[in-house]
Structures are given as structure tokens and as C-alpha cells.
Amino acid sequence: SKGRIQDTTLSNLIMSADDAAALIPSGATVGMSGFTGSGYPKSVPLALAKRIEAAHAAGNPFKIKVWSGASTGPELDGALAKADAIEFRLPYNSDPVARDKINKGQMDYFDIHLSQVAPLVWEGFLGNLDIALIEVSGITAEGALIPSSSIGNNKTWLDRADKIILEVNRWQSEALNGMHDIYYGTALPPHRVPIPLVRPDDRIGQPHFRVDREKIIGIVETDAPDRNAPFSPPDDVAKAIAGHLLEFFAHEVKMGRLTKNLLPLQSGVGNVTNAVLAGLIDAPYENLTSFTEVIQDGMLDMLDAGKLRMASATAFSLSPEAAERLNNEAERYRHKLILRPQEISNHPELVRRLGCIAMNGLIEADIYGNVNSTHVMGSRIQNGIGGSGDFARNAYLSIFMTHSTAKKGAISAIVPQASHVDHITQDVHVIVTEQGLADLRGLSPKQRAKVIIANCAHPAYRPMLEDYYARALKTAYGLHAPNILSEALSWHQRYVETGSMLVK
Ligand code: 0RQ
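About the criteria used
- Residues numbered from 1 in each chain as written.
- Predicted model: local features only at pLDDT ≥ 70, side-chain atom pairs only at ≥ 80, totals over all residues.
- Heavy atoms only, no water.
- Helix = DSSP H or I, 4+ residues; strand = E, 2+ residues; numbered from the N terminus.
- Rg over C-alpha atoms; globule rule 2.2 N^0.38 Å.
- Buried < 20%, exposed > 50% of the residue type's maximum accessible area, 1.4 Å probe, protein only.
- Contact = heavy atoms within 4.5 Å.
- Near = heavy atom within 4 Å.
- Polar contact = N/O pair within 3.5 Å; in protein donor to acceptor, adjacent residues only side chain to side chain.
- Areas by Shrake-Rupley, 256 points an atom, 1.4 Å probe, with all protein chains shown as cover.
- Axes fitted to C-alpha atoms, helices over the stretch in contact; angles between N-to-C directions.
- Parallel < 35°, antiparallel > 145°, perpendicular 65-115°, else oblique.
- Left-handed = near helix turned anticlockwise from the far one by under 90°.
- Salt bridge = Lys/Arg side-chain N within 4 Å of Asp/Glu carboxyl O.
- Pairing = 2+ DSSP bridges.
- Right-handed = clockwise from strand over helix to strand, strands pointing away.
- UniProt positions renumbered as here; feature names shortened; annotations may be inferred.
- Expected span 1.5 Å × (residues − 1).
- Core = buried A, V, L, I, M, F, W, Y, C linked by side-chain atoms within 4.5 Å.
- Phe/Tyr/Trp six-rings, centres within 6.5 Å; stacked < 30°, edge-to-face > 60°.
- Lys NZ or Arg CZ within 6 Å of the ring centre and 35° of its normal.
- pLDDT = per-residue confidence, 0-100.

Before going further, it helps to examine the overall build of the chain. Assigned secondary structure in the chain consists of 17 helices and 25 strands. For a compact globule of 504 residues, the expected C-alpha radius of gyration is about 23 Å, and the chain comes in at 23 Å, within 12% of that figure. Its C-alpha atoms put the chain at 75 × 55 × 45 Å along the principal axes. For the chain, the proportion of its 504 residues judged to be buried stands at 57%. Considering only contacts within the chain whose residues lie at least 6 apart along the sequence, 74% involve residues at least 24 apart.

Here it is, written out as C-alpha cells:
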């Protein structure tokens, strides 16, 4: 273990997770590392949850505020939420226990574009950061921090926090060293300058975090894997969506709007994305690049197949099998992968400059192309906006993909009016379901409604949408984007009341 902490002057700070957790007081704001199940601290949050449960059992109030990069793991969000330890959480959560607490009104949650978290902290809107709790993969002889499998907001937490607790995780590959690019050139207005990145593989920063060693109050050694969702092979629906999308790319190349290299790809995680990436392996494209938020299994496969030249992201989001592969063969991958702070991986300036192709999931879209990525039935949070807004608004091509129904057909993903809007119709260029693809570029609202209903809606709901739209055209207050106000959200109301959007 001494191998991971090369700076021997820090040895006296090594302690147990329980001792480190004891340094975090009730009421503290803690900036945690972690981004989509990678690079989060794995032992101090668990010890802290135990401590807080004991405090609660003794009748003493104890809560903290948790800031992170994005979602973390069950040992962090799950354990702390279960212990009723979190009074406020930002910026993205996918943990089921925390989600339940938020939806029961027991936990405040601030969901914000991932690229905007660090600037907001520097601007001072979020208050003081008491403690940074950061997983690293090592500490150099000079005392610089070698990042772990995600960068997220760690740079900002380390710079802003009053005190720092580090987890040094031996499980993380030593070959991660050199893969990261930490850019320290961000400043607040009026001192902001252009970010000097013009290609997805540009390196503009340094490989390690700087750190004020006077602020370090504890170092905990761990040896625990990142806990990501296991891989599920693409189902038929995912394959159908991928098929439509690949056909669309081929058309765009034919029309001269894309080349054989496409443009830097951004893609979410999950079944559908993996199917798209798998499809790209067999498609006639070459030297592809990725400028994205997370590197998932499909990207490693594309690197192996020689299709993908390089990938830039802020984190890995790999199945346990792929994480093992990366760890065992990191030396082979390290020159093709770059991890950056999330304010850079998701920066609107860079997404616009590079012309990314953004591919994200959605919860529902309405017939005019407004997209809801976050709220079920207008009120219940699913995960959060994550990086979808950072990319969708600024992408060269903003694509949203979904099954045409949810909950075994009881819910239509295409509705008369979205019950919540994250991405306005102007930020949505293409919607794809297993039924087909709607290219909305250059279309008026009424033209959009026609192609979305015809190409994307499930046959069980298509006639209902056609009927709604036809009646809206006759009775709406205006004929630009016709709606029937008293009926626009009635499908959602019916689902809440009867368990289905279908009329029984
Ligand atoms: O819930 O498992 O309880 O049944 O939402 O849905 O179909 O598995 O699809 O995993 O791609 O998630 C928008 C949530 C889609 C995701 C969303 C329910 C459904 C299921 C998951 P259950 P699926 P996905 C990318 C940028 C915002 C963040 C983002 C997301 C669960 O893509 O969080 O894009 N996006 N970041 O049943 C009720 C509907 C529903 C519905 C789905 N219409 N009504 N429930 N669900 N549609 C960067 C990264 O990804 C890192």
C-alpha cells in the first residue's frame, strides 16, 4: 500500500474509515467524488452512515449536505439515504433509496446541468464547502493526487473545501496515471477566456490534482471495486432503435452533412446506447471519436474493434466485466482515453465547437417535440437532467431515443403534452423509438406533430394521438401548436387514477 502513497510525509494522516467519519460533524456540507458509479469514496460514507444511525438511535439529530459529480454508488447515496443522513443533495441521483426519500419529500434535491455545478460553487450560491471526501488512485512523491476512475467535480471540491479527506483505492489501476487532463484555466466572468480545446483529443491541463496539503485531515486506504450495473445485452427494441439511427446516419453521410468519421459522439448509458454503439462497430465508419460524459462498455468494444480512435469523458461507467478488462489492460487503453473535469467534458462552448452528436434517453416527448427526461407524471423524479441539457442544446445533432411505451404498455412515451419539460422542442432534432425515427429539423410544430405521431408512437396509442391532434386543430386557441388545454394532461391523470393511459 505504501506504493500508492509515495509522499511519506503524509503517513501520519492514514487512519481508519471510522476515525475519518468522526471528523465530519452534523450540518457539514461534504463534496464527494463519484460519477455514475465510478470513483466514489467507498468506506468513509459507510462508516458515516453507521455513525449517523447511532446518533439517530440515541435521539440526536444528524444530517449532512451532499454534493457529488453525478450518481455515486450504494455505499454512498444508498447507505446515507437509508440512514436519513442527507438533508440536501446535488446534482444528479439514480440511487433508488435516495429517489424514494426525495419523492416522499424527506430529502431536498437540487437537479442542475452537470457543467454548471462548479461555476455555481465558485460564484458562491451554494454556500461554504466544509469537507471534500475524494477517492484517488494514488499520491505522488510530490504530494499531487492521481485521480481515480472519475473526475467529476473533484478539482473544485479540493480547491474550495476547508478540509480534505482522501480515500486511496488500491483496486483502481495504477495505469490510470496519465489518463487524466485537469484544466485549471476556468475563471468567473468578467475574466473568463476561451477554453483552448479544438479537437476531442486535445490535452489542455495537467494529469494530477493540485492540493493544499495543510487542508488534508485524514487518509483512508481502501481496496474496493467501483459498483456499476451489470451488462444486459441489447433486446429487440434496443436493436430496432439502433437500426433506425444507423440508417439515419447513413442518410446524413449520403447527403453530405456528415462524413465517414461522423462527429464526436456523446451517448448515455444503458441498453439502447450499447445497441447503437454495437451497431456502429459493423457500420462503414472509421476513426470515430467520442466527446462525452461517460465511457461505457460499448466504447471499449469500439476501441478494441479499431472503430473508435479515442474517447474523452469525465468518468467510466463500466459493467463489472468491462471494469476488470480496463483494469487488467489499462496500459493498452490509456493513450486513447482522456478523463476531464465535468465542467469541461460537458462544456457548452466545447460541445458547440466540436459539433457533437448527442444521443440521450427520454421519459416522454410530446407531439411537438418537447422532451421530459426527468419527471414521471409531472411530479416524481426519476434521476435528473444530468448532462443531457449540456449536450442537447449545443449539439450538432441532438437525438433522443426511447421505447415507445413504458410499464408494459400502460404508458405512452409520446403524449399530447409533456408533463414536465427539460428539453424544449428547439433543442430536440431527432426522436427515435423502435417504431421509427422523426427528423424534426426545419419543421414547424404542426409538421413535427405529424411525423412524431406517424413515425414514433406505438400503434396502441397512435390513433388516440391522431384523434387528439385532429380535434386540437379544430378547437385550439391558436393554430401554431394546437392543444386542448383541458385534455392535454388527461392521459397522465388517467394513468394516475387507473394505472393506464389507455381508455378502458
Ligand atoms: O423505471 O425500472 O422502475 O421500470 O424509467 O427507463 O426504459 O430503462 O430507460 O435507463 O434509458 O432511462 C430518461 C430515465 C431513461 C434516463 C431516462 C421508467 C422506466 C424505468 C428507466 P423502472 P428505461 P433508461 C447521459 C445524459 C436523464 C439524464 C441524461 C435519464 C426507468 O435516460 O435519466 O440523459 N436521462 N444524462 O419504467 C414512467 C415514462 C417512462 C418511465 C421510462 N414515460 N413514464 N416511467 N420510465 N419512461 C449521460 C449518461 O447517461 C451518463
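So that's the structure; there's more coming.
Right, let's get into the site of the ligand. Taken together, the neighbourhood of the ligand is formed by 22 residues, with Glu293, Ile363, Asn383, Gly384 and Lys407 sitting nearest. One of the side-chain N or O atoms of Lys407 is found 2.7 Å from an oxygen atom in the ligand. Coverage of the ligand by the protein chains reaches 71% of its 990 Å² of free accessible surface.

Attention now goes to the packing of helix α7 (residues 236-254) against helix α8 (residues 271-282). When two helices pack together, their arrangement is captured by the angle between the axes and the distance separating the axes. Where α7 meets α8, the axes come as close as 8 Å, and the angle between the chain directions of the two elements is 45 degrees. Comparing their axes, α8 and α7 come out oblique. Crossing hand, α7 versus α8: right-handed. Residues Ala238, Lys239, Ile241, Ala242, Leu245, Leu246 and Phe249 of α7 pack against Asn271, Val272, Ala275, Val276, Gly279 and Leu280 of α8.

Time to look at the pattern of salt bridges. Tallying each qualifying case throughout the model produces 26 salt bridges. What you see here is one network of salt bridges that share partners, running through Asp301, Asp304, Arg325, Glu329 and Arg332.

Let us look at the pairing of strand β3 (residues 86-90). Inspection of the sheet shows strand β2 (residues 64-67) paired to β3 by four bridges, in the parallel sense. Across the sheet, residue Ile64 finds its bridge partner in β3, namely Ile86. With helix α3 (residues 74-82) bridging β2 and the parallel β3, this β-α-β connection has right-handed handedness. In this sheet, strand β4 (residues 108-109) lies alongside β3 in parallel orientation, the contact comprising two bridges. In the sheet register, Arg89 faces β4, and the bridge partner there is Tyr109.

Our next topic: the sheet that holds strand β17 (residues 371-372). One open sheet holds the three strands; their spatial order is β17-β16-β23, and the pairing between them is mixed. The open sheet has two edge strands, β17 and β23 (414-415), and neither has a second partner. The sheet contact formed by strand β16 (residues 364-366) and β17 spans two bridges and is antiparallel. Paired with Ala365 across the bridge in β17 is Val371.

Next up on the list: the UniProt feature "domain: Acetyl-CoA hydrolase/transferase C-terminal" (unreviewed entry) in the chain. The UniProt record marks residues 329-468 with the feature "domain: Acetyl-CoA hydrolase/transferase C-terminal" (unreviewed entry), using the residue numbering of this structure. The distance from the first to the last C-alpha atom of residues 329-468 is 55 Å, and the span holds 29% helix and 26% strand.

Further remarks concern α7. Taking 1.5 Å of rise per residue, 19 residues should cover 27 Å, and α7 covers 27 Å from first to last C-alpha, within 8% of that figure. Close packing links the buried residues of α7 with α8, β15 (357-361), β20 (397-401), β24 (430-433) and β25 (436-439). Of the residues flanking the end of α7, it is Gly256, one or two places downstream, whose phi is positive at about 80 degrees.

This part takes up the nonpolar core. Counting residues in each nonpolar core, the largest one holds 72 residues, and the members touching the most others are Leu166, Leu245, Phe249, Leu280 and Leu337. Here this core takes seven residues from α7, the largest share from any one element. The residues contacting Leu166, other than those within four sequence positions of it, are Ile134, Val136, Ile139, Leu145, Leu158, Ile216, Gly218, Ile219 and Val220. Among the nonpolar cores identified, the runner-up in size contains 39 residues, and Leu48, Leu76, Leu80 and Ala315 belong to it.

Here the structure, examined in full by the defined rule, presents three aromatic pairs. Taking 5.5 Å as the distance between ring centres and 50 degrees as the angle between the ring planes, the aromatic pair formed by Trp67 and Trp157 counts as tilted. Separated by 90 residues along the polypeptide, Trp67 in strand β2 and Trp157 in helix α6 (residues 154-160) bring together distant segments of the chain. Given the relative accessible area of 1%, Trp67 is considered buried. We classify Trp157 as buried; its relative accessible area is 0%. The lysine or arginine in question, Lys42, covers the ring of Tyr40, its NZ or CZ lying 4.4 Å from the ring centre. For Arg332, the ring lying beneath its charged end belongs to Tyr333, and the centroid distance is 4.6 Å.

Turning next to the confidence of the model for the chain. Across the chain, the average pLDDT comes to 96, with 100% of residues at 70 or higher. At the low end of the mean pLDDT range in the chain sits helix α11 (residues 330-333), at 87; at the high end sits β23, at 99. Here the complex is predicted with pTM 0.97, and the ipTM for its interfaces comes to 0.98.

Our next topic: the environment of Asp202. Here Asp202 lies in the loop between β7 (163-169) and β8 (216-222). Contact partners of Asp202, with chain neighbours within four places excluded, come to Asp181, Pro196, Leu197, Ile338 and Arg340. At 2.9 Å, the side chain of Asp202 and the backbone nitrogen of Val198 are in polar contact.

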